[in-house]
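# Structural characterization, general
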Amino acid sequence: MTSASHLEQLAEIKLQEEEEEEEEKEEDDGGQRCFTDTPSVPPISGSSPDPSHPFYDVARHGIIQVSGDDRYGRKLITFSSCCLPPSHQLNHLRLLEYLKFTLDQYVEMDYILVYFHYGLRSSNKPSLKWLRDAYSEFDRKYKKNMKTLYVVHPTNFIRLVWNLFKPLISHKFGKKLTYVKHLSDLREHLNYQQLLVPPEVLRHDEKLRAAQRGGPAPPARTPPPRPPLPSQQFGVSLQYLREKNAEMIPPVMSQAVSYLKQRGLRTEGLFRRSARVQLIKDVQRLYNLGKPVDFDEYDDVHVPAVILKTFLRELPEPLLTFRLYGQVQDLLNVESSLRVSRCQQMMESLPEHNFMVAKYLLSFLHTVSQQSIVNKMSSSNLACVFGVNLLWPRHAPLALPALPAINICTEILVEHFPIVFGSRHPPEARVVPLRPA
């Protein structure tokens, strides 16, 4: 039987062989290498953290990113090997601490981890001892709510390391591992548009696809959008919904909120848990076909909770609008004592329909927060869950450094709801069945 030390040695050799193969391919292609002895640039321009960040020395490389939520309300966290600088330029102990610091914000809810393997080299690779220590450092709370670990562009090195770690890894955790050969495969599982994919990884994926087809990779084509069904409820604008349903509050929102008010206010961890993916798809399909949805049939308050977040996340424009994104980011520059009034000004500048829908939703979330002794969903916890579903930038995925401002704003909207939205009464949503298709 192969010993652990032999496997470790074999893994090191395999990594070196893969590096040599990559170098030969680069020479054959006449291309230039993507790797240098300088730290990689974070994948999204302008997303660098503030120098006052407690882990600025690590965060500035863009190795770890939070990419919003997937389609079912689970946080997307990415780890990009190509952003790792040479080992002598990075304290790997600090990297581990930063990873825990990031995960600590989300481990109480379900989350997805995406590992981009391309770019791991002998010069920037953490030691296998570090990997063992890291796995031991992450206790059950980190592993329990991680629903899937996607390893993108796996190599033989990865498979050898996995075999090396098998004695340490529980069978249940091992089932969470999913190998992904091409980025396009992620589209089946995740909200791909929200992923922060480094340019190096995109180029590598194009080369893999070209090699598979025996020729240059064809340019990716986006199929023309299909016109929505008359009864469509997800992925269409608030204006479209109002025209088709003749209701100020979208039916999906009013029905989910109504059910949760009756059955979910005292549920611990409300909005932090996911539901079965296929079940959520089935409910969405019923709504989009104009069929009645009875949440009592599912006997699970997390179903309407996930449906509510999914509805917000699939709006073509966020509920708080693209226009407010920059103003919310500037909130960090506003004195704490003035932030409530600043948020009130921003909300009152919203279009009438957005204002009334936001007021209806935040009124409900304020009610949820008032039961936080039981449900553990304080205004701060609700902000972590809902912030990324209320606001995102127009032309780029949501980056980790943008989250603090969004969460602060959302927390203010929930905690200080009577002041921020006090100019008008929230609409009394009439819970009515959808019109038949």
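Just so you know, these numbers come straight off a predicted model, no measurement behind them.

This part covers the overall build of the protein chain. Of the regular secondary structure elements, the protein chain holds 20 helices and five strands. Here the protein chain, with 437 residues, has 54% of them falling under the buried criterion. For the protein chain, restricting intrachain contacts to residue pairs at least 6 apart in sequence, the fraction spanning at least 24 positions comes to 80%. Working note: accessible area of the protein chain is about 21200 Å², and carbon and sulfur atoms make up 51% of it.

Turning next to the nonpolar core. By size, the foremost hydrophobic cluster in this structure holds 130 residues, and its most contacted members are Leu 186, Met 253, Phe 271 and Met 347. With 10 residues, the single largest contributor to this core is helix α16 (residues 352–369).

With the rule as written, the count across this model stands at zero disulfides. Of the cysteine sulfurs around Cys 409, a residue in no disulfide, the closest is that of Cys 343, at 3.9 Å. On the basis of relative accessible area, Cys 409 is assigned to the buried category, the value being 2%.

In this section: a positive patch on the surface. Taken together, the side chains of Arg 140, Lys 144, Lys 172 and Lys 175 make up a positively charged region of the molecular surface. Within the secondary structure layout, Lys 175 lies in the loop between α7 (171–174) and β5 (177–180).

Looking now at the pattern of salt bridges. Taken as a whole and assessed by the stated rule, the structure comprises seven salt bridges. Here the salt bridges do not stand alone but share partners, grouping Asp 57, Arg 94 and Glu 97 into one network.

As a further point, take helix α15 (residues 339–348). Along α15, the positions that sit buried rather than exposed are Arg 339, Val 340, Cys 343, Met 346 and Met 347. The buried residues of α15 occupy an angular sector of 120 degrees when the element is viewed end-on, so they sit on one face. Turning to α15, the residues buried within the fold contact α14 (323–329), α16, α19 (403–415) and α20 (417–420).

Strand β3 (residues 111–116) sits mainly inside the fold: six of its six residues count as buried. Going residue by residue along β3, you find Tyr 111, Leu 113 and Tyr 115 tucked away on one face and Ile 112, Val 114 and Phe 116 tucked away on the opposite face as well. Pairing analysis gives six bridges linking strand β2 (residues 75–80) to β3, with the strands arranged parallel. From the neighbouring strand, Ile 77 faces β3, where its bridge partner is Leu 113. Note on the crossover from β2 through helix α3 (residues 92–103) to β3: the handedness is right-handed. Examined bridge by bridge, β3 and strand β4 (residues 146–152) share six bridges and lie parallel to one another. By the bridge assignment, Val 114 is partnered in β4 with Tyr 150.

With that settled, consider the side chain of His 353. Mapping His 353 onto the fold places it in helix α16. A relative accessible area of 12% places His 353 in the buried class. A distance of 2.7 Å separates a polar side-chain atom of His 353 from the backbone oxygen of Met 248. Among residues more than four places away in sequence, those in contact with His 353 are Leu 238, Gln 239, Arg 242 and Met 248.

Glancing now at helix α10 (residues 238–245). For α10, every residue scored as buried is listed here: Leu 238, Tyr 240, Leu 241 and Asn 245. What you see down the axis of α10 is that its buried residues fit within an arc of 160 degrees, all on one side. Along α10, the residues that are exposed and aim more than 90 degrees away from the buried face are Gln 239 and Glu 243. On its buried side, α10 packs onto α11 (251–263), α13 (302–313) and α16.

Okay, the confidence of the model for the protein chain next. In low-pLDDT regions, the fine details of the predicted coordinates are not to be read closely. Averaged over all residues, the pLDDT of the protein chain equals 82, while 82% of them reach at least 70. Here residues 30–46 is a poorly scored stretch, pLDDT under 50, and it has 41 contacts once near neighbours within four places are set aside; other chains count.

The next point concerns the side chain of Arg 272. Locating Arg 272 in the fold gives a position in the loop between α11 and α12 (277–288). The buried category is assigned to Arg 272, whose relative accessible area is 14%. Among residues more than four places away in sequence, those in contact with Arg 272 are Glu 108, Met 109, Asp 110, Met 377, Asn 381 and Val 385.

Two quantities define a packed helix pair, namely the angle between the axes and the distance from one axis to the other. Here α12 crosses α13 at 65 degrees, and the two axes come no closer than 10 Å. The handedness of the crossing between α12 and α13 is right-handed. Residues Leu 279, Ile 280, Val 283, Gln 284 and Tyr 287 of α12 lie in contact with α13, whose contacting residues are Val 303, Val 306, Ile 307 and Thr 310.

Trans is the prevailing form of peptide bonds, just as negative phi is the prevailing case for residues other than glycine. Even without glycine at this site, His 153 takes up a positive phi of about 60 degrees. Looking at where His 153 falls in the secondary structure, it is placed in the loop between β4 and α6 (156–165).

So, on to the pairing of β4. Counting buried positions along β4 yields six of seven residues, so the element is predominantly enclosed. For β4 and β5, the ladder comprises four bridges, and the chain directions are parallel. Opposite Val 151, over in β5, you have Tyr 179 as the bridge partner.

This next bit is on the environment of Ser 81. Among the structural elements, Ser 81 can be located in the loop between β2 and α3. Judged by relative accessible area, which is 0%, Ser 81 ranks as buried. It is 5.1 Å that separates the C-alpha atoms of Ser 81 and Leu 120, two residues lying 39 residues apart in sequence. In this structure, Ser 81 is in contact with Tyr 115, Phe 116, His 117, Tyr 118, Gly 119, Leu 120 and Asn 124, ignoring residues within four places of it in sequence.

The next subject is the packing of aromatic side chains. Scanning the entire structure with this criterion turns up 11 aromatic pairs. Ring geometry for Phe 355 and Phe 421: centres 5.7 Å apart, planes at 45 degrees, overall tilted. One end of the pair, Phe 355, is in helix α16; the other, Phe 421, is in the segment after α20, with 66 residues separating them in the sequence.

Calculation rules
Each chain carries its own residue numbering, running from 1 in the written order of its sequence. Residue-level local features of this predicted model are given only where pLDDT is at least 70; pairs of side-chain atoms are given and counted only at 80 or more, and the full residue set underlies all totals for whole chains, interfaces and linings. With hydrogens and water excluded, all non-hydrogen atoms of the structure serve as input to the side-chain values. Put simply, DSSP H or I for four residues or longer makes a helix, DSSP E for two residues or longer makes a strand, and each gets a number counted from the N terminus. With a 1.4 Å probe rolled over the protein chains alone, any residue whose accessible area is under 20% of its type maximum counts as buried; one over 50% counts as exposed, and the rest are partly exposed. When checking whether two residues touch, look at their non-hydrogen atoms; a contact exists if any pair is within 4.5 Å. The Shrake-Rupley method, run with a 1.4 Å probe, gives the accessible areas here. Residue values count only the displayed protein chains as cover. For the purposes of this section, nonpolar cores are sets of buried Ala, Val, Leu, Ile, Met, Phe, Trp, Tyr and Cys residues that join through side-chain atoms within 4.5 Å. Only a pair of cysteine sulfur atoms within 2.5 Å qualifies as a disulfide here. Note that patches include only residues with greater than 30% relative accessible area and no salt bridge, and the join distances are 9 Å for like charges and 5 Å for nonpolar side chains (Val, Leu, Ile, Met, Phe, Trp, Tyr). The term salt bridge refers to a side-chain nitrogen of Lys or Arg lying within 4 Å of a carboxyl oxygen of Asp or Glu. We treat Lys and Arg as the positive residues and Asp and Glu as the negative residues; His and chain ends play no part in the count. By convention, the charge on Lys lies at NZ, on Arg at CZ, on Asp at CG and on Glu at CD. Taken from the helix axis, the directions to the C-beta atoms give the arc we talk about. For two strands to be treated as a pair, DSSP must find no fewer than two bridges joining them. Crossovers are described as right-handed under a simple rule: with the strands pointing away from the observer, the path leading from the first strand over the helix to the second runs clockwise. Under this definition, polar contacts are N or O atom pairs within 3.5 Å; protein pairs additionally need one hydrogen-donor-capable and one acceptor-capable atom, and for neighbouring residues in sequence, both atoms have to be side-chain atoms. Confidence scores per residue from the predictor, reported as pLDDT, run from 0 to 100. Working convention: axes come from line fits to C-alpha atoms, limited for helices to the stretch in contact. Angles between N-to-C directions cover 0 to 180 degrees. Definitions for this section: a left-handed crossing has its near helix turned counterclockwise from the far helix by less than a right angle. A right-handed crossing has that turn clockwise. Here a pair means two rings of Phe, Tyr or Trp (six-membered ring of Trp) with centres within 6.5 Å. Their orientation is stacked below 30 degrees between planes, edge-to-face above 60, and tilted elsewhere.

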